Amino acid sequence: RHAVCIFYLVLRALDTIEDDMTISLDVKVPMLHEFHSYLYQPEWKYMESKEKDRQVLEDFPTISMEFRNLSKVYQDVISDICHKMGVGMAEFLEKKVDSQHEWDKYCHYVAGLVGIGLSRLFSASELEDPIVGQDTELANSMGLFLQKTNIIRDYLEDQLEGREFWPREVWSRYAKKLSDLAKPENIDMAVQCLNELITNALHHVPDVLTYLSRLKNQSVFNFCAIPQVMAIATLAACYNNKQVFRGVVKIRKGQAVTLMMDATNIQAVKAIMYQYVEEIYQKIPGTDPSSNKTQQVIASIRAMSLPGGPMASRHHYSPIYLSCAMLLAALSWQYLSTISKATEEYVQAGEN
């Protein structure tokens, strides 16, 4: 618990530096490269940030002290991931996401590495088998699925704030500029572009199911599964939906709470995944350029999600259990999002 908490705070501090547009590149790039070393400098802090989360930088000595109090096995994981993420963030400060390969690379740096780091912590704690931390490909997919969902959903917010994360290789087939997708006259092409990116994201679901099927500890399972079912529900809401280009698309709070309550075992998660890919399948337009690819990836998810036995029944849990589950959902969803404001809406029910 402490290791995961400190991991989150360290990465929140790193992310706050990346997000702060008032820091010049000649200052920011070296900071990102060296940030992992600040963990071992008891006095290091940064007081010049204008970001809303600047407290993690101003009070960094408190965080770094707790980091140094962790077992060395946890310190090594957190420091290593922090180093790799800082280098990756710096790489993408000066270039936009162009190809789909670069999209995967960017998402690896900001979210896949979080999945890998968490997995290594789970194994280091011996709550999970060594294979969980060793299989970096599956752990990376856990992060990529969440990050791509955030990026797809947050098209309009990112446009309004001058950020672009949709890969040029995809959107350039539908518009001359990414911002053109928000124009009413381009809505049909915009939705086709959206559907192609959602199809791309769905390719990570089989890896997600394989990863979750390996987990043995109930708390770890809840922590990992809840954000994933939130993501598939979000993609189902966004698929073929013009509203992505007009405002915020989000799942209902009641729906979010139900997902938190239900995603407690692998059969339940498979049933949830099956339900939402069926919802997407029913919405595939016959004229959509990606329709065949969408149908193919849904077929592969269906094959993995078909229940091998009776469907897991709805269980009733105590208020204390539900509070814990919602808190886990809130924390883990925030871990894997670079845009915390948008994700807070998902966890509002848990916070209340």
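Before any of the text, the structure's been laid out above.
A brief report on the enclosed structure follows.

Reading the values: the criteria
Residues numbered from 1 in each chain as written. Predicted model: local features only at pLDDT ≥ 70, side-chain atom pairs only at ≥ 80, totals over all residues. Heavy atoms only, no water. Helix = DSSP H or I, 4+ residues; strand = E, 2+ residues; numbered from the N terminus. Buried < 20%, exposed > 50% of the residue type's maximum accessible area, 1.4 Å probe, protein only. Contact = heavy atoms within 4.5 Å. Areas by Shrake-Rupley, 256 points an atom, 1.4 Å probe, with all protein chains shown as cover. Salt bridge = Lys/Arg side-chain N within 4 Å of Asp/Glu carboxyl O. Expected span 1.5 Å × (residues − 1). Polar contact = N/O pair within 3.5 Å; in protein donor to acceptor, adjacent residues only side chain to side chain. Axes fitted to C-alpha atoms, helices over the stretch in contact; angles between N-to-C directions. Nonpolar A, V, L, I, M, F, W, Y, C, P; charged D, E, K, R; others polar.

Along the protein chain, the regular secondary structure elements total 18 helices and zero strands. Going through the 352 residues of the protein chain one by one, you find that 55% of them count as buried. Summarising the internal contacts of the protein chain: among those between residues at least 6 apart in sequence, 74% fall at separations of at least 24. Surface exposure of the protein chain reaches about 15400 Å², of which carbon and sulfur atoms provide 52%.

Looking now at the pattern of salt bridges. Under the definition given, this model contains 22 salt bridges. The partner of D15 in a salt bridge is R12, with the nearest N and O atoms 3.0 Å apart. In this pair, D15 and R12 both sit in helix α1 (residues 2-19), three residues apart, roughly one turn of the helix. There is no split in this pair, since D15 and R12 are both buried. Across the pair K216 and D129 runs a salt bridge whose closest N-O atoms are separated by 2.7 Å. Separated by 87 residues along the polypeptide, K216 in the loop between α12 (205-214) and α13 (218-238) and D129 in the loop between α6 (100-124) and α7 (130-134) bring together distant segments of the chain. For K216, a relative accessible area of 60% translates into the label exposed. Exposure remark for D129: the relative accessible area of 30% places this residue in the partly exposed category. Linked by salt bridges that have partners in common, R12, D15, K52 and D53 make up one network.

The end-to-end C-alpha distance of helix α15 (residues 266-283), which contains 18 residues, comes to 26 Å, matching closely the 26 Å that a straight helix rising 1.5 Å per residue would cover. Taken residue by residue, α15 has A268, V269, K270, A271, I272, M273, Y276, V277, E278 and I280 as its buried positions. Tucked into the core, α15 has its buried residues touching α11 (187-202), α12, α13, α14 (253-262) and α16 (291-305). Measuring from the backbone nitrogen of Q267 back to the side-chain oxygen at the start of α15 gives 3.2 Å, which picks out N265 as the cap.

Interaxial distance between α14 and α15 falls to 9 Å at its minimum, and their mutual angle equals 145°. Here α14 contributes Q255, L259 and D262 to the contact with α15, which in turn contributes A268, I272 and Y276. For the contact of α14 with α15, the per-class residue count stands at four nonpolar, one polar and one charged.

Following the sequence through the fold, T16 ends up in helix α1. The exposure class of T16 is buried, given its relative accessible area of 2%. When residues no more than four places from it in sequence are discounted, the contact partners of T16 are S49, E51, D53, R54, V56 and L57.

Once that is clear, we can look at the environment of M273. Relative to the assigned elements, M273 resides in helix α15. Given the relative accessible area of 0%, M273 is considered buried. Residues M273 and A233, spaced 40 residues apart in sequence, show a C-alpha to C-alpha distance of 8.3 Å. Aside from chain neighbours lying at most four places away, what touches M273 is V205, V208, L209, Q228, I232 and S305.

So far we have only geometry, and geometry alone does not tell us how the molecule works.
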